[in-house]
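Structural characterization, general
Here is what each chain is made of, one letter per residue.
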Amino acid sequence: MGEKILLVDDEQDFLDVMSERMRNRGMDVTTAISAKEALERVKNENFDAIIVDLLMPEMDGLEALKNMKKINSDLQVILLTGHATVEKGIQAMKLGAMDLLEKPADMNNLTEKIKKAKAHKMILVERHMEEKIKKIMGSKGW
Amino acid sequence: MNMGTEKTKLTGLAYFGKMMALISHEIKNSLAIINENAGLMEDLSLMAKKGNPLDPERTGTIAGRVVRQVQRADTTVKRMNRLAHSVDNPVTEVDVAETLAFTLELGEKAFSTLGLRVEVGPLAGPVVINTNEFLFMNLIWEVLGYALQGGGRVETMTIAIRRNDNGVELVFSPLHAVDGERTPWDRALAEALGADIWPFADTRELVLKLPEILKTV
């Protein structure tokens, strides 16, 4: 099954072309034109990776990342930026971003990161399941 | 007018740098979209080689997106060129509304990132003053920075242009956190333009007054 992706950018042309390229690679892509819309999506759906533009109106990528992590700390967020600086990179990592890529991003590189994000997310889900099972086993007198 | 003070040079350089950062970001966005469309064409060619026929509708859409982005980047480069030439003459005829609109266009991305909109109020006719265009734009930017700061978030700020006996007034409203004192932060820049800046707590307005003719020393 293809990776389930949420792509967030305030540029409709960018969303259109990126989502088409990602779908050509077998990914299941949902798009959001604003951080607000993305947060609504994140509340209701599960994604293997979320790709977010850093500079957006009203709520920028870092603020969006912070809010997404509040909703679900396991979310794998990749930030895209016109100008990647060391400062922004550190800030993004501190907030729990998986990666920060500079636009224009290389599609093969991005695909690689998405696959890594999915794998990492699966590990986290399995770990949570294990913890849950342990908890249940511990609480029963079997 | 004394444009040569260290303070005005530094403030001007910071403004120029900030505008260049916004412009380069805009150009990068256009390039990113053009790049992805080229990538999509590559994808479609590879698919065609494997026997999937090229859909003319899709290639037409791609061409349309590229044309749109080239036009957008061209507009951005024209703005950059105009900004660069705003330093050409120490004093020149400046259409206040037109230069204000241009200053807002340049900084639009910075405002929208903060969730703010800045509008220019209606004007009966053109108001022209003789001033330094670059410093005038720089001062508008500085005043906006002051006017937009403060407690609550203003969704839309309006700038009205009014004639007065000595020149022109730009009225920024509504304002937050006005202390009613003259602001000391950009005196050098205001002095260089012979400008006066007054924040009014009661009406929540900030008034920027500029002379009709800037006197050179």
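Quantities reported herein were computed from a predicted structural model and do not represent experimental measurements.

Take the domain arrangement of chain B next. Residues and elements named next belong to chain B. By the assigned domains, chain B splits into domain 1 (6–85) and domain 2 (92–211). Using only C-alpha atoms to locate each centre, domain 1 and domain 2 end up separated by 31 Å. Across the contact, 12 residues belong to domain 1 and 15 residues belong to domain 2. Breaking the side of domain 1 that touches domain 2 down by element, the ones donating at least two residues are α1 (6–49) and α2 (56–85). Of the residues forming the side of domain 1 that touches domain 2, the biggest block, nine residues, is contributed by α1.

For the rest of this paragraph, the subject is α2(B). Compared with the 44 Å implied by 1.5 Å per residue over 30 residues, the 43 Å span of α2(B) between its first and last C-alpha is a close match. By the burial criterion, the buried members of α2(B) are B:Arg65, B:Gln69, B:Thr76 and B:Leu83. In this structure, the buried residues of α2(B) make contact with α1 (12–24) of chain A together with α1 and α3 (96–113) of chain B.

All right, on to the interface of chain A and chain B then. Listed as interface residues are 17 residues of chain A and, on the opposing side, 18 residues of chain B. The leading source of residues in the side of chain A that touches chain B is α1(A), at seven residues. Across the side of chain A that touches chain B, the residue classes break down as seven nonpolar, three polar and seven charged.

Residue and element names in this part refer to chain B. Their axes nearest at 10 Å, the elements α3 and helix α4 (residues 133–148) cross at an angle of 60°. Considering their axes alone, α3 and α4 lie oblique with respect to each other. In the packing of α3 onto α4, the handedness of the crossing is right-handed. On α4, the residues that touch Thr99, Leu100, Thr103 and Gly107 of α3 are Glu133, Phe136, Met137, Ile140 and Trp141. Residues that form the contact of α3 with α4 fall into these classes: five nonpolar, three polar and one charged.

Looking now at the nonpolar core. Core analysis: the largest hydrophobic core is formed by 42 residues, its most contacted members being A:Ile5, A:Val8, A:Ile50, A:Ile51, A:Val52, A:Val77 and A:Leu79. Here the element with the most residues in this core is α1(B); it accounts for five residues. Contact partners of A:Leu79, with chain neighbours within four places excluded, come to A:Val52, A:Leu54, A:Gly61, A:Leu65, A:Ala92, A:Ala97 and A:Leu100. The next biggest cluster of nonpolar side chains, apart from the first, holds 37 residues, and it includes B:Leu22, B:Val94, B:Ala190 and B:Leu210.

Time to look at the sheet that holds strand β4 (residues 77–81) of chain A. Residue and element names in this part refer to chain A. The strand order β2-β1-β3-β4-β5 describes an open sheet built from five strands, whose pairing is parallel. With one partner strand each, in any of the chains shown, β2 (28–32) and β5 (99–102) form the two edges of the open sheet. Sheet twist, expressed as the mean angle between neighbouring strand axes with direction ignored, is 20°. As paired strands, β4 and β5 are joined by four bridges and run parallel to one another. Bridge assignment links Leu80 to a residue of β5, and that residue is Leu101. Lying over the sheet, α1 contacts β1 (4–8) and β2, oriented at roughly 170° with respect to β2. Most of the contacts of helix α3 (residues 61–71) go to strand β3 (residues 49–53), to which it runs at about 150°, and overall it touches β1, β3 and β4.

Each value, and the rule that gives it
Residues numbered from 1 in each chain as written. Chains lettered and ligands numbered in written order. Predicted model: local features only at pLDDT ≥ 70, side-chain atom pairs only at ≥ 80, totals over all residues. Domains from an automatic or database assignment. Contact = placed C-beta atoms within 7 Å. Helix = DSSP H or I, 4+ residues; strand = E, 2+ residues; numbered from the N terminus. Expected span 1.5 Å × (residues − 1). Buried ≥ 20, exposed ≤ 12 C-beta atoms within 10 Å, placed from the backbone. Nonpolar A, V, L, I, M, F, W, Y, C, P; charged D, E, K, R; others polar. Axes fitted to C-alpha atoms, helices over the stretch in contact; angles between N-to-C directions. Parallel < 35°, antiparallel > 145°, perpendicular 65-115°, else oblique. Left-handed = near helix turned anticlockwise from the far one by under 90°. Core = buried A, V, L, I, M, F, W, Y, C linked by C-beta atoms within 7 Å. Pairing = 2+ DSSP bridges.

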